[in-house]
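Below, each chain spelled out in residue letters.
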Amino acid sequence: MQCKELKVWRKMGEQLASGHEVEAMSEEWLAKMEKEQTLYNHGMVRLLPGGWLYPASYLEYADRIYNFKFRSSDVVVMTMPKSGTTWMQEILWTMLHNPDLNHPQADEPIYHRSPEIDLDMILDGKGLEGVSIDHFMKAFQDTCPGRKLEDGMAFQMCELISDPRVIKSHLPLSLLPSDLLDQAKVVYVARSPKDVVVSLYYFFRVMKLFSFTGSFDSFVKHFMNNDLIYTPYWLHVKEAWQKRDHPNMHFVFYEDLQSDIMTQLQKINDFMGTNLTQKQLTNVAENSSFVSMKSRGEPVKDMGVFIPDAHKELGGYFRKGIVGDWRNHFSPQLEEEMNQWIQSHARDIGITFK
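Notes on the structure follow. Please read these numbers as outputs of a predicted model, since none were measured by experiment.

**A look at the environment of serine 18**
- Its location among the elements puts serine 18 in the segment before strand 1 (21-24).
- Taking relative accessible area as the criterion, serine 18 reaches 18% and is therefore assigned buried.
- It is 8.1 Å that separates the C-alpha atoms of serine 18 and serine 178, two residues lying 160 residues apart in sequence.
- Among residues more than four places away in sequence, those in contact with serine 18 are Tyr66, Ser174 and Leu175.
- A polar side-chain atom of serine 18 sits 2.7 Å from a polar atom in the side chain of histidine 20.

As structure tokens, then:
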């Protein structure tokens, strides 16, 4: 994969359309983090206020994403990574496009049917150099004929996929259009941070993009210190939680989806106004189950993005899909440290995880 030359230096210290200012991460910080993982060709930045951590290549897309034109028929799946994102994408796309399980495009990877608006910045990863993404390229060419690759693959796919669009984002509300909730529906999935960090740890170990080699304890501390891409976790959740009563926001816990999927599907059905029958909701549940999704293979078909031995040993996108796996990973000391971190932030937000 070839990375285009970026001119992001012009925006260092400047204000984005969202009102955030850009702060470049220091060479010292980058060197420290690169002892355990692969980073990005053009470095990383924090956006203030908030402290959002992204590859510097995000600056090439930030204002375009903030000014993206959402439609009333759109639904946006918002999450912190590894919070049930792919699961919810499949649920919503099936409800909107394939409730009778007969859509001709249903076997296409979910990343093609439901693209991620902020994905393009990831392609600046040093770990992706030389990696083939032929499947993604074909999806772009099929969806965006005549469009220029350098204008963003995923971003343009979000523009041109068929209505009703199901668009994924790991960005917080404050970096998406200010009128998003007035223009489209948002489904936000929150997951216990203990299970999030476990799933994220394995994801970082399996993907060439990250190639994480540090210990689990080290990874958890990076997560709590907001030193991993897409953090801070709590502010991301807080921004959505504060909007949970907005008529176009459906806030759902991953743990509730796991414990009673049919009840949660009915709530989503009511929120979306899809008016699906009980049989159709059962179709959605079965088609989006962990077993069913895993049997259809990785949502990313370009297997070169995975570290082969790690993928074989640890799994890829679909590892376990359960609640409570954190108990198999935390030492008593680390658990106590994270418990205190959770309690202080959850109390401030007014949110409780089961």
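Moving on from the model shown.
**So, the pattern of salt bridges**
- Enumeration according to the criterion identifies 10 salt bridges in this entry.
- Between glutamate 116 and lysine 168 there is a salt bridge, with its nearest N and O atoms 3.3 Å apart. Taken as a pair, glutamate 116 in the loop between helix 4 (110-113) and helix 5 (134-143) and lysine 168 in strand 5 (residues 166-169) lie far apart in primary sequence, 52 residues in all. Across this residue pair, the class does not change: glutamate 116 and lysine 168 are buried.

**Remarks on the sheet that holds strand 7 (residues 249-253)**
- In spatial order, the strands read 5-4-6-7; together these 4 strands make up an open sheet with parallel pairing. Every interior strand has two partners, whereas the edge strands, strand 5 and strand 7, have only one. Each neighbouring strand pair of the sheet contributes to a mean axis angle of 20 degrees, computed without reference to strand direction.
- Where strand 4 (residues 75-79) lies against strand 6 (residues 185-190), 5 bridges are found, and the strand directions are parallel. When the bridges of strand 6 are listed, valine 77 appears paired with valine 187.
- Running at roughly 165 degrees to strand 4, helix 3 (residues 85-97) makes contact with strand 4, strand 5, strand 6 and strand 7 of the sheet.
- This element, helix 12 (residues 261-272), spans strand 4, strand 6 and strand 7 of the sheet and lies at about 170 degrees to strand 7.

**With respect to the pairing of strand 2 (residues 44-48)**
- Within strand 2, 4 of the 5 residues are buried, which leaves the element mostly enclosed by the surrounding structure.
- As paired elements, strand 1 and strand 2 share 4 bridges and run antiparallel to each other. Looking at the pairing, valine 22 lines up with leucine 47 of strand 2.
- Bridging between strand 2 and strand 3 (residues 52-55) involves 4 bridges; their strand directions are antiparallel. From the neighbouring strand, arginine 46 faces strand 3, where its bridge partner is leucine 53.
- Taken together, strand 2 and the strand that follows it, strand 3, pair antiparallel across an intervening segment of 3 residues, in which glycine 50 is found at a positive phi of about 110 degrees.

Thresholds applied
- Residues numbered from 1 in each chain as written.
- Predicted model: local features only at pLDDT ≥ 70, side-chain atom pairs only at ≥ 80, totals over all residues.
- Heavy atoms only, no water.
- Helix = DSSP H or I, 4+ residues; strand = E, 2+ residues; numbered from the N terminus.
- Buried < 20%, exposed > 50% of the residue type's maximum accessible area, 1.4 Å probe, protein only.
- Contact = heavy atoms within 4.5 Å.
- Polar contact = N/O pair within 3.5 Å; in protein donor to acceptor, adjacent residues only side chain to side chain.
- Salt bridge = Lys/Arg side-chain N within 4 Å of Asp/Glu carboxyl O.
- Pairing = 2+ DSSP bridges.
- Axes fitted to C-alpha atoms, helices over the stretch in contact; angles between N-to-C directions.

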